[in-house]
Every structure is written in C-alpha cells, then in structure tokens.
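Structure at a glance
For reference, the chains in residue letters:
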Amino acid sequence: MIKIIIIATLCVFGYAKTVTFKDCGSVGGTINSVTVDPCDAEPCVLHHGTNISMGINFAAKENTTTAKTVVHGIIGGVPVPFPVPADCCANHNLECPVVAGTTVQYNNYVYCSPDYPKIRLAVKWEVQDDNGKDLFCFIVPVSIAD
Ligand SMILES: *[C@@H]1O[C@H](CO)[C@@H](O)[C@H](O)[C@H]1NC(C)=O
Ligand SMILES: *[C@@H]1O[C@H](CO)[C@@H](O)[C@H](O)[C@H]1NC(C)=O
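Remember, predicted model here, so these are calculated numbers, not experimental data.

Re the overall build of the chain
A tally of regular secondary structure across the chain gives one helix and ten strands. Reading the chain from its N terminus to its C terminus gives the helix and strand order α-β-β-β-β-β-β-β-β-β-β. Here the C-alpha radius of gyration of the chain, 16 Å, is about what a compact globule of 146 residues would show, namely 15 Å. Reported as C-alpha extents along the three principal axes, the dimensions of the chain are approximately 55 × 35 × 25 Å. Within the chain, contacts between residues separated by at least 24 positions form 65% of all contacts whose residues are at least 6 apart in sequence. Summed over all atoms, the accessible surface of the chain reaches about 8,100 Å², with 60% contributed by carbon and sulfur. Across the chain, 9 positive and 13 negative side-chain charges occur, with their mean positions spaced 8 Å apart.

Notes on the layout of surface pockets
Put simply, the largest pocket is a space of about 330 Å³. Contributing to the lining of the largest pocket are 24 residues, with G73, F82, Y116, L121 and I144 lying nearest its centre. Contributing elements (two or more residues each) for the lining of the largest pocket: β5 (50–60), β6 (68–75), β7 (78–82), β8 (103–112), β9 (120–128) and β10 (134–145). Counting residues per element, the lining of the largest pocket draws most heavily on β6, which supplies four residues. When grouped by side-chain class, the residues that make up the lining of the largest pocket number 22 nonpolar, two polar and no charged.

Brief notes about the site of ligand 1
The environment of ligand 1 is formed by G49, N51 and Y109. Measuring from an oxygen atom of ligand 1, one finds a side-chain N or O atom of N51 at 2.2 Å.

A word on the sheet that holds strand β3 (residues 29–37)
The antiparallel open sheet is built from four strands, whose spatial order is β1-β3-β5-β8. In this open sheet, the two edge strands, each paired with only one partner strand, are β1 (17–18) and β8. Where β5 meets β8, ten bridges bridge the pair, whose relative direction is antiparallel. Across the sheet, G55 pairs through a bridge with N107, a residue of β8.

Let's talk about the environment of V19
Its place among the elements puts V19 in the loop between β1 and β2 (22–23). In this structure V19 comes out as buried when scored by relative accessible area, which is 7%. For the pair formed by V19 and V36, sequence separation is 17 residues and the distance between their alpha carbons is 6.9 Å. Those residues in contact with V19 that lie beyond four places of it in its chain are V34, V36, C39, E42, C44 and V140.

Cut-offs used in this document
Residues numbered from 1 in each chain as written. Chains lettered and ligands numbered in written order. Predicted model: local features only at pLDDT ≥ 70, side-chain atom pairs only at ≥ 80, totals over all residues. Heavy atoms only, no water. Helix = DSSP H or I, 4+ residues; strand = E, 2+ residues; numbered from the N terminus. Rg over C-alpha atoms; globule rule 2.2 N^0.38 Å. Contact = heavy atoms within 4.5 Å. Areas by Shrake-Rupley, 256 points an atom, 1.4 Å probe, with all protein chains shown as cover. Lys, Arg positive; Asp, Glu negative; His and termini not counted. Charge placed at Lys NZ, Arg CZ, Asp CG, Glu CD. 1 Å grid on protein atoms, 1.4 Å probe; cavity = no way out; pocket = protein on both sides within 12 Å on 5 of 7 lines; lining within 4 Å. Points joined across faces, edges and corners; volume = space filled by probe spheres on them. Nonpolar A, V, L, I, M, F, W, Y, C, P; charged D, E, K, R; others polar. Near = heavy atom within 4 Å. Polar contact = N/O pair within 3.5 Å; in protein donor to acceptor, adjacent residues only side chain to side chain. Pairing = 2+ DSSP bridges. Buried < 20%, exposed > 50% of the residue type's maximum accessible area, 1.4 Å probe, protein only.

Have a look at this one:
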C-alpha cells in the first residue's frame, strides 16, 4: 500500500534530471549543468498544462548588470520565438549584477500550454548580457505530450 502511494506520488511530481545539452555559443560564461524538473528520461517530456522548471548553473567569465532571457523552440530547423519574461534581474532568475569569477545559479520555468502540438522539438535557451552577447546558450531536445 505505502509502495503504491510512493509510486503514484513520483508519477505526479516526477524527478528532476541533469540533462545532456549542446552549447550554442556561450561567451560570457561556461555552463556547468542544466537541470529540468520534472524529467524522468531524455529527451524530457513536457506535459500539457504543467510548469517545467529549468535550472542552469554556470561560471561567469564577465561582469554584467543586466541579463535577458531569450527562448526559441526549433521546429523542423526553424527557430520560433517562445514568449518568456525577459528581464532576469527583475524576475529574480539570477542574482544581479553577475560578477566575473563567480558561480551563478539561474532558475526559470516554462508553462506547457495545452495548445502546443504534440511534437518533438529542440529548445534553445539564451541569457544575454549588457551587450546582447550570450552569457550562456544551450539546446536540449524535448517532446510535448498530454
Ligand atoms: C505555473 O507557475 C505559475 C507561476 O508560479 C503559477 O501561477 C501557475 O499556477 C503554475 N501552473 C501550474 C499548472 O502549476
Ligand atoms: C567585475 O566586478 C568586480 C566587482 O564589482 C570588480 O572587482 C572587477 O574589477 C570587475 N571586472 C571587470 C573585468 O570589469
């Protein structure tokens, strides 16, 4: 009985996973890890009507007072802008200013709308510095399901 409850709970809440990513041109930082929550296995499945947390740990190589999130879904090779609040400092996605030589934790989430088609795609996630250069940029494959 207890075992069934535990399994049911895990199915509802899922696990966080440190995923394999492709760096797509990080300039102002070096990514240490990318974590997706929930994600049971790669590619991560994003379920309709849920929030998916993203955690990025990176080593900052430069100072920046501003940081801006830019997200694209790459569908059939075409990058489609994905609306997310851009201002990382105002949204407390990371601590501002970012200081060179420190390790920085960036947290954010995306809502998987029930309107999204059930497809596989690549998510391209960038955070840009004062000069519009990438503090970090990574790509992870995902699929969307009910
Ligand atoms: C997703 O997160 C936002 C902000 O924290 C919250 O308002 C919303 O209720 C969440 N939605 C779900 C389905 O958990
Ligand atoms: C970055 O900021 C720190 C702390 O404010 C400062 O000591 C350092 O000189 C700055 N480095 C550069 C490259 O601007």
